[in-house]
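One letter stands for each residue in the lines below.
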Amino acid sequence: MTPKQPTERIRKSPEQVRAAVHQAVIDLLCDPQGEDLNIPAIAQRAGVNHTSIYRRWGSLDALLADMVTTRLERTSPLNDTGTLRGDLTAWAEASAASIRTPEGRALVRAVILSMPNTAQAQDERAQHFRRRTHSIEHIRRRATARGERPPPLEQILDQLLAPLYIRAILGIDPPATGYPEQPATA
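Residues numbered from 1 in each chain as written. Predicted model: local features only at pLDDT ≥ 70, side-chain atom pairs only at ≥ 80, totals over all residues. Heavy atoms only, no water.

### Quick word on helix H5 (residues 84–100)
And then number 1: Here H5 is 17 residues long and its end C-alpha atoms lie 24 Å apart, about the 24 Å a rise of 1.5 Å per residue gives.
And then number 2: In terms of residue burial, H5 counts as a mostly covered element, since 12 of its 17 residues are buried.
And then number 3: Listed as buried for H5 are Leu84, Gly86, Asp87, Leu88, Thr89, Trp91, Ala92, Ala94, Ser95, Ala96, Ser98 and Ile99. (Helix = DSSP H or I, 4+ residues; strand = E, 2+ residues; numbered from the N terminus. Expected span 1.5 Å × (residues − 1). Buried < 20%, exposed > 50% of the residue type's maximum accessible area, 1.4 Å probe, protein only.)

### Concerning a nonpolar patch on the surface
And then number 1: There is a patch of nonpolar side chains on the surface, built from Ile166, Leu170 and Ile172 and spanning about 290 Å² of accessible area.
And then number 2: Looking at the secondary structure, you find Ile172 in the segment after helix H8 (153–170).
And then number 3: The exposure class of Ile172 is partly exposed, given its relative accessible area of 41%. (Patch = residues over 30% accessible without salt bridge, like charges linked within 9 Å, V, L, I, M, F, W, Y side chains within 5 Å. Areas by Shrake-Rupley, 256 points an atom, 1.4 Å probe, with all protein chains shown as cover. Salt bridge = Lys/Arg side-chain N within 4 Å of Asp/Glu carboxyl O.)

### Concerning the pattern of salt bridges
Pairs may arise between side chains of opposite charge once their charged atoms sit close together.
And then number 1: Scanning the model with the defined rule gives 10 salt bridges in all.
And then number 2: Between Arg18 and Asp66 there is a salt bridge, and its shortest N-O distance comes to 3.0 Å. Within this pair, whereas Arg18 is found in helix H1 (residues 14–30), its partner Asp66 is found in helix H4 (residues 60–75), the two being separated by 48 residues in sequence.
And then number 3: The residue Arg105 makes a salt bridge to Asp173 at a minimum N-O spacing of 2.1 Å. You can see Arg105 sitting in helix H6 (residues 102–113) and its partner Asp173 sitting in the segment after H8, a full 68 residues away along the chain.
And then number 4: You can call Asp173 partly exposed: its relative accessible area is 36%.

### Let's talk about the environment of Leu170
And then number 1: Position of Leu170 relative to the elements: it lies in helix H8.
And then number 2: Under the relative-accessibility criterion, Leu170 is labelled exposed at 58%.
And then number 3: In this structure, the C-alpha to C-alpha distance between Leu170 and Arg109, residues 61 residues apart in sequence, is 8.5 Å.

### A word on helix H2 (residues 39–46)
And then number 1: Taken across its 8 residues, H2 has 6 buried, putting it largely inside the fold.
And then number 2: Of all the positions in H2, only Ile39, Ala41, Ile42, Ala43, Arg45 and Ala46 are classed as buried.
And then number 3: Structurally, the start of H2 carries an N-cap: the backbone nitrogen of Ala41 is 2.8 Å from a side-chain oxygen of Asn38.
And then number 4: Looking one or two residues beyond H2, the residue adopting positive phi is Gly47, at roughly 75°. (Polar contact = N/O pair within 3.5 Å; in protein donor to acceptor, adjacent residues only side chain to side chain.)

By themselves, these are just geometric observations and shouldn't be taken as functional.
Laid out in structure tokens, this is it:
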């Protein structure tokens, strides 16, 4: 893959800026030359002014969190399979498929490994990831409406999402099939 050359700056709509910035981050993360991921490099690659990025996201951490949630929302739709188990399995399989791509794995790693441990950064991340937990809460509410008893949100996060993120950090692909029902091997 050859590095994408920075584009000339032209006036873009907010959605065009968002798409260009998101693509620039993916390009930089997957660039074999290993250019540092920072706001000026992203702005140059996206063909936007760095102030546009700061104005919209405020920080690299917030931009990365927005990208992960946006990507997972797009690739992990909330299918209604008729059962809680089916809904969570479909959701987890779609999440695993997204993280299994080189771009998805690189993005999750970048988000997790670049997280500063400040109160402001934690608040920014919480705002973006709240969108993701709302998806899980929607699945839980749907199950409750069907008369099922869903586990607490924390249990779902711990048992379905956390293993995917740990694998991404370690550079290990999620299972190609059968996640989350695949039994552990010795």
